[in-house]
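The residues making up each chain are set out below.
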Amino acid sequence: MAGIAVSTTINGDKVEYLCHPDETLLEVLRDRLGLTGAKEGCGTGDCGACSIILDDRLVCSCLVLAPEAEGRRVETIEGMAHGDKLHPLQQKFIEHAALQCGVCTPGFLMAAKDLLTKNPNPTEEEIRFGLAGNLCRCTGYDKIVRAVQDAASMMRGAA
Amino acid sequence: MRYIRPLSIDDAVTLIEGSAGTAAILAGGSDLLVRMKGGFIEPDLIVDIKSIDGLREIRETPEGFSIGAATPCAVLRENTALTKAWPGVVEAASLIGSKQVQGRCTIVGNLCNASPAADSVPALVAANARASIVGPSGRRVVPVQAVPVGPGKTSLVKGEVIDAILLDKRPPRSGDAYQRFTPRTEMDIAVVSAGANLTIDEQGVIVSARLALGAVAPTVLLVEEAANVLVGSKPDEATLERLATVCSDACRPIDDKRGTAAYRKKVAGVLAKRVVAAAYARAGGK
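Residues numbered from 1 in each chain as written. Chains lettered and ligands numbered in written order. Predicted model: local features only at pLDDT ≥ 70, side-chain atom pairs only at ≥ 80, totals over all residues.

Topic: the overall build of chain A
Working step 1: Within chain A one finds five helices and five strands.
Working step 2: Ordering the α and β elements of chain A from the N terminus gives β-β-α-β-β-β-α-α-α-α.
Working step 3: Computed over its C-alpha atoms, the radius of gyration of chain A comes to 16 Å, within 12% of the 15 Å expected for a compact globule of 159 residues.
Working step 4: Across its three principal directions, the C-alpha atoms of chain A cover 50 × 30 × 25 Å.
Working step 5: Here chain A, with 159 residues, has 46% of them falling under the buried criterion.
Working step 6: Contacts spanning at least 24 positions in sequence make up 59% of the contacts within chain A whose residues lie at least 6 apart. (Helix = DSSP H or I, 4+ residues; strand = E, 2+ residues; numbered from the N terminus. Rg over C-alpha atoms; globule rule 2.2 N^0.38 Å. Buried ≥ 20, exposed ≤ 12 C-beta atoms within 10 Å, placed from the backbone. Contact = placed C-beta atoms within 7 Å.)

What to know about the sheet that holds strand S5 (residues 73-75) of chain A
Residue and element names in this part refer to chain A.
Working step 1: Strand order in the open sheet made by the five strands is S2-S1-S5-S3-S4, with mixed pairing throughout. Looking along the sheet, the strands with just one partner apiece sit at the ends: strand S2 (13-19) and strand S4 (57-60). Strand-to-strand, the axes of this sheet are offset by a mean angle of 40°, without reference to chain direction.
Working step 2: One ladder, built from two bridges, connects strand S3 (residues 51-54) with S5; its direction is antiparallel. Within S5, the residue paired with Leu54 across the bridge is Val74.
Working step 3: Seen against the sheet, helix H3 (residues 105-118) touches S3 and S4 and runs at an angle of roughly 40° to S3. (Pairing = 2+ DSSP bridges. Axes fitted to C-alpha atoms, helices over the stretch in contact; angles between N-to-C directions.)

Observations concerning the domain arrangement of chain A
Residues and elements named next belong to chain A.
Working step 1: Under the domain assignment, chain A is made up of domain 1 (4-79) and domain 2 (88-158).
Working step 2: Its C-alpha centre places domain 1 at a distance of 22 Å from the equivalent point of domain 2.
Working step 3: On the domain 2 side, the residues contacting the 13 residues of domain 1 number eleven residues.
Working step 4: Looking at the side of domain 1 that touches domain 2, the element that brings in the most residues is S3, giving three residues.
Working step 5: When the residues that make up the side of domain 1 that touches domain 2 are grouped by side-chain class, the tally is eight nonpolar, four polar and one charged. (Domains from an automatic or database assignment. Nonpolar A, V, L, I, M, F, W, Y, C, P; charged D, E, K, R; others polar.)

Looking at the nonpolar core
All names here are of chain B.
Working step 1: By size, the foremost hydrophobic cluster in this structure holds 146 residues, and its most contacted members are Ile49, Leu211, Leu213, Ala272 and Val276.
Working step 2: For this core, the element with the highest residue contribution is helix H11 (residues 261-282), accounting for nine residues.
Working step 3: Excluding residues within four positions of it along the chain, Ala272 makes contact with Ala194, Leu211, Ala226, Leu243, Ala244 and Cys247. (Core = buried A, V, L, I, M, F, W, Y, C linked by C-beta atoms within 7 Å.)

Looking at the sheet that holds strand S2 (residues 23-26) of chain B
Adjacent strands of a sheet pair through backbone hydrogen bonds, lying either parallel or antiparallel.
Residues and elements named next belong to chain B.
Working step 1: Across the sheet, three strands lie side by side as S1-S3-S2; this open sheet has parallel pairing. Sheet topology places strand S1 (2-4) and S2 at the edges, where each strand pairs with a single neighbour. Ignoring strand direction, the axes of neighbouring strands in this sheet form an average angle of 20°.
Working step 2: In this sheet, strand S3 (residues 45-48) lies alongside S2 in parallel orientation, the contact comprising four bridges. Looking at S3, one finds that Leu26 is bridged to Asp48.
Working step 3: Contacting S1, S2 and S3, helix H1 (residues 9-18) runs over the sheet at an angle of about 170° to S3.

Considering the interface of chain B and chain A
Working step 1: With 23 residues of chain B in contact, the opposing surface of chain A contributes 23 residues.
Working step 2: Listing elements by their share of the side of chain B that touches chain A, those giving two or more residues are S1, helix H2 (32-37), S3 and helix H6 (99-102) of chain B.
Working step 3: A total of four residues in the side of chain B that touches chain A trace back to one element, the largest contributor, which is H2 of chain B.

Some words on the packing of helix H10 (residues 237-250) of chain B against H11 of chain B
Residues and elements named next belong to chain B.
Working step 1: Taken N-terminus to C-terminus, the directions of H10 and H11 make an angle of 135°; their axes are 8 Å apart at the nearest point. Classified by the interaxial angle, the pair formed by H10 and H11 is oblique. Where H10 crosses over H11, the two elements pack in a sense that is right-handed. Residues Leu240, Leu243, Ala244, Thr245, Cys247 and Ser248 of H10 form the contact with H11, whose participating residues are Lys265, Lys266, Ala268, Gly269, Val270, Ala272, Lys273 and Val276.
Working step 2: The residue inventory of the contact of H10 with H11, partitioned by class, reads eight nonpolar, three polar and three charged. (Parallel < 35°, antiparallel > 145°, perpendicular 65-115°, else oblique. Left-handed = near helix turned anticlockwise from the far one by under 90°.)

Okay, structure coming up:
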């Protein structure tokens, strides 16, 4: 295929791919690289299901063109656990049953990870504002907020 | 479609000017990609301006601040000097979209998207911000309100690229503020919005004022009559009532799914009073 050659870093690994100029990073992650954790909910930056971290900024990968990743650092949900050891957020989401269908979950976990990196001890209000760009149609958010609070407390204890 | 990432503003201008079809400028992409996916535009050329030197930074200059066109709004909020000098501009920029969108969206994109309801624009107009534009015939600097000319339309000609938004240094006892009315607190588009920028004297009398309203006309309105009401006064009840009347009268809103014209006129007056009170308090007025 005649495409743009992109060289980037995904979850710490050097990755190269060819893409079309109008492909989104989400499409490349899912359809070319097999990283299907990020989901396409709306495709217009409203639901947050495709959230990833690009050079330390939480973004919607559906609103990033694939060629833009050249030379940058991409973190996806696939890089969150270390082998079989879940990240505290993942563990707490399970313990608190903070998911039902699971489509929004990878996006929530990335957004929560970004939030706790910048603010290790957020108030409930800060968590709700921090996760306002992620929509969940199953849980009603309370369990998600509790899971993030619990994970934050666990991570502060470990630090 | 071609995607190009030029390293200089002159290259960007040359590329766009020389392109045969439609060219689109990409900074944050939070409007552009949505319009491309929706089939509203199909650019032949996308010029990503994020690798151009200086476009992703906020510089303090002898005149004030220069905010690079590709600076994400999240970076504005993290800049303490800018937030201290222009809290109203920063609070307006911080209301655009979610955390995810904040990491990408820019105030120049917000301005050039030319939505009458753009959050950052009333605050920028109130702040007397200027747009620095580089084009085929050189550089020109215009007040930001000269850029949008109607919903989705700007005064920029082919090949022109905004490279920065310029804000002045603040005289002592100055304050600005932005507020909007939305049914939800987050992730929503303004039904009506207002930005105010005031300077007061040592007695607390307003010596200069700019007030802008959003979502009540095809473009953001700078309400000159509001300045006439405010200058020489303190924001007492009678002054604020006169302010609300001139602001409601200045509106030329439409009925749409977010609110009726009559409702928007009324809310514009209420928000004008609130932003002036907020800006006055930030200027140190009591």
